[in-house]
Amino acid sequence: MRMQCKAWSPSRVLKELKSLLRYTPAMGWGTSQNFLGAWWARLLIDRAPAIYREGIALRMLSLSPHYIFDKDGRVWVPGGVLQKEAQRNRVSRRQIVHDVIRPHISPGDVVVDYGCGPGYMAVEAALFAKCVIACDVSEGALACARVLNGAPNIRYVNVIRASEYEGVADLAYSFAVAQHLRDAVLSEALRTVHHMLRPGGRLLMHVVINGVGWKSEADWLGDTSLRGRVKLRCGLDCFSRSPERMLSLAEGAGFSHCRFLPLAGLTSVHDDVAHQHLLYCQA
Ligand SMILES: C[S@@+](CC[C@H](N)C(=O)[O-])C[C@H]1O[C@@H](n2cnc3c(N)ncnc32)[C@H](O)[C@@H]1O
């Protein structure tokens, strides 16, 4: 997924404004990062006649800044672009699972996918594991995942129900999530994952460390301009962290044996992920 934060310019400001118009109506209450969390998003997908569900799920995904990219920034993304983007997600997520996650999965493992989105990674991981518990904060994203990437051994659950799965998982992974979370939310997310893992269970978390062209949470909070404040309030958050900060968050949540590995050495996927890092640690 493409999520680098670029410098502001007039055309970028216009693009951001168009994004806000497109993304905010489907946003859930409570957290600015709950895209597709609006009450009607899940309802629309669940109540749709079965033959329309896949198309509606892809259309819904285009109302989030996470999954579908239209180079022309159109609010009504053409159907061909939706299909192409779905395929791009499927191919890149499949490759990441094969290159990075699969070597750590044994056939009897229970695996957690934290921040699963529409489930393109979960459905691949489920081919090699006993079962995948795929969690997300967004009810709309989870509804899309059930339609687009359902499988008998995947449970798509809201993170607020994660406490029901104490100590059940052998492995947890999380991709393209940590950089969108503020420190306080990431700390809570790490605690949730730690709670779901059995003692000695492993976490593989994709993180942005000292990202070139990225700003930290403190930098964003320090930006008091109107556009900076609007972006932080309503847009997609993208934060880089120092290795020390990331380590202290992971260790504060109870993880040990933490180390960072450059993802470039693990996967050749055509995605920003390949320029970032993997945090590997144990519960
Ligand atoms: C860029 S998407 C990544 C989806 C998937 N991991 C992938 O790589 O295809 C980020 C996902 O994180 C989810 N998310 C955001 N905040 C979250 C939180 N606090 N807890 C769990 N998931 C969260 C979003 O709803 C979104 O689906």
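What you see is a predicted model; the values in this text were computed from it and never measured.

Parameters and conventions
- Residues numbered from 1 in each chain as written.
- Predicted model: local features only at pLDDT ≥ 70, side-chain atom pairs only at ≥ 80, totals over all residues.
- Heavy atoms only, no water.
- Helix = DSSP H or I, 4+ residues; strand = E, 2+ residues; numbered from the N terminus.
- Rg over C-alpha atoms; globule rule 2.2 N^0.38 Å.
- Buried < 20%, exposed > 50% of the residue type's maximum accessible area, 1.4 Å probe, protein only.
- Contact = heavy atoms within 4.5 Å.
- Areas by Shrake-Rupley, 256 points an atom, 1.4 Å probe, with all protein chains shown as cover.
- Lys, Arg positive; Asp, Glu negative; His and termini not counted.
- Charge placed at Lys NZ, Arg CZ, Asp CG, Glu CD.
- Near = heavy atom within 4 Å.
- Polar contact = N/O pair within 3.5 Å; in protein donor to acceptor, adjacent residues only side chain to side chain.
- Nonpolar A, V, L, I, M, F, W, Y, C, P; charged D, E, K, R; others polar.
- Salt bridge = Lys/Arg side-chain N within 4 Å of Asp/Glu carboxyl O.
- Pairing = 2+ DSSP bridges.
- Axes fitted to C-alpha atoms, helices over the stretch in contact; angles between N-to-C directions.
- Arc of directions from axis to C-beta.
- Core = buried A, V, L, I, M, F, W, Y, C linked by side-chain atoms within 4.5 Å.
- Parallel < 35°, antiparallel > 145°, perpendicular 65-115°, else oblique.

What about the overall build of the protein chain?
The helix and strand tally for the protein chain stands at ten helices and seven strands. For the protein chain, whose C-alpha radius of gyration is 18 Å, the value lies close to the compact-globule estimate of 19 Å for 283 residues. C-alpha atoms of the protein chain, sized along the principal axes, occupy 50 × 50 × 35 Å. Within the protein chain, the fraction of its 283 residues that count as buried is 54%. Across the protein chain, contacts joining residues at least 24 apart in sequence account for 67% of those joining residues at least 6 apart. On the protein chain, roughly 13000 Å² of surface is accessible, and the fraction owed to carbon and sulfur atoms is 58%. Taking the average location of the 34 positive side-chain charges in the protein chain and that of its 25 negative ones, the two points are 5 Å from each other.

Here we look at the site of the ligand
Close to the ligand lie 19 residues; Y67, Y114, G115, D136 and F175 are nearest. In this structure, V137 approaches the ligand through a main-chain N or O atom, which is 3.4 Å from a nitrogen atom. For the ligand, a nitrogen atom lies 2.8 Å from a polar atom in the backbone of F175. Relative to its free-state accessible area of 600 Å², the ligand is covered by the protein chains to the extent of 97%. In the shell around the ligand, the residues fall into 13 nonpolar, four polar and two charged.

Remarks on the pattern of salt bridges
Evaluated as defined, the whole model comprises 14 salt bridges. One salt bridge in this structure joins D72 and R74, with 3.3 Å as the shortest N-O distance. By relative accessible area, which is 42% here, D72 ends up partly exposed. Given the relative accessible area of 33%, R74 is considered partly exposed. The partner of E164 in a salt bridge is R161, with the nearest N and O atoms 3.3 Å apart.

Focus: the sheet that holds strand β2 (residues 131-136)
Sheet architecture is open: seven strands sit in the order β3-β2-β1-β4-β5-β7-β6, paired in mixed fashion. Unpaired on one side and paired on the other, β3 (154-158) and β6 (256-262) mark the two borders of the sheet. The sheet shows a mean angle of 20° between the axes of neighbouring strands, taken without regard to direction. Two elements, β6 and strand β7 (residues 277-282), share five bridges in a ladder whose sense is antiparallel. Directly across from P262, in β7, lies its bridge partner H277. Against the sheet, helix α6 (residues 139-148) touches β2 and β3, its axis set at about 165° to β3. Across the sheet, helix α10 (residues 243-252) touches β5 (197-207), β6 and β7, and the angle it forms with β6 is around 145°.

Points about the pairing of β7
Where a strand is regular, its side chains alternate between the two sheet faces. Here β5 runs beside β7; their pairing, made up of six bridges, is antiparallel. The residue bridging L204 from the neighbouring strand is Y280, located in β7.

A short note on helix α9 (residues 226-234)
For α9, the set of buried residues is G228, K231 and L232. All buried residues of α9 fall inside an arc of 95° around its axis, so they share one side. What points out from α9, more than 90 degrees from its buried face, is the exposed set L226 and R233. The elements touched by buried residues of α9 are α1 (10-23) and α8 (217-222). At the N-terminal boundary of α9, the capping side chain belongs to S225, with an oxygen 3.1 Å from the backbone nitrogen of G228.

A word on the nonpolar core
Among the nonpolar cores identified, the biggest contains 33 residues, and I133, L190, L203, M205 and F255 are the most heavily contacted of them. The set of elements that each furnish at least two residues to this core consists of β1 (110-114), β2, β4 (169-174), α7 (183-196), β5, α10 and β7. The contacts of M205, once residues within four sequence positions are left out, are S174, A178, L186, L190, M246, H277, L278 and L279. I96, C116, A129 and A145 belong to the second-largest nonpolar core, a separate cluster that totals 30 residues.

Details of the packing of helix α2 (residues 39-47) against helix α3 (residues 50-61)
Where α2 contacts α3, the two axes come as close as 8 Å, and the packing angle between them is 160°. Classified by the angle their axes make, α2 and α3 are roughly antiparallel. Contacts between α2 and α3 pair W40, A41, L44, I45 and D46 from the former with R53, I56, A57 and M60 from the latter. In the contact of α2 with α3, the residues fall into seven nonpolar, no polar and two charged.

Here we look at unusual backbone geometry
Positive phi, close to 60°, is recorded for A176, a residue that is not glycine. For N210, which is not glycine, the phi dihedral falls at a positive 45°. Within the secondary structure, N210 is located in the loop between β5 and α8.

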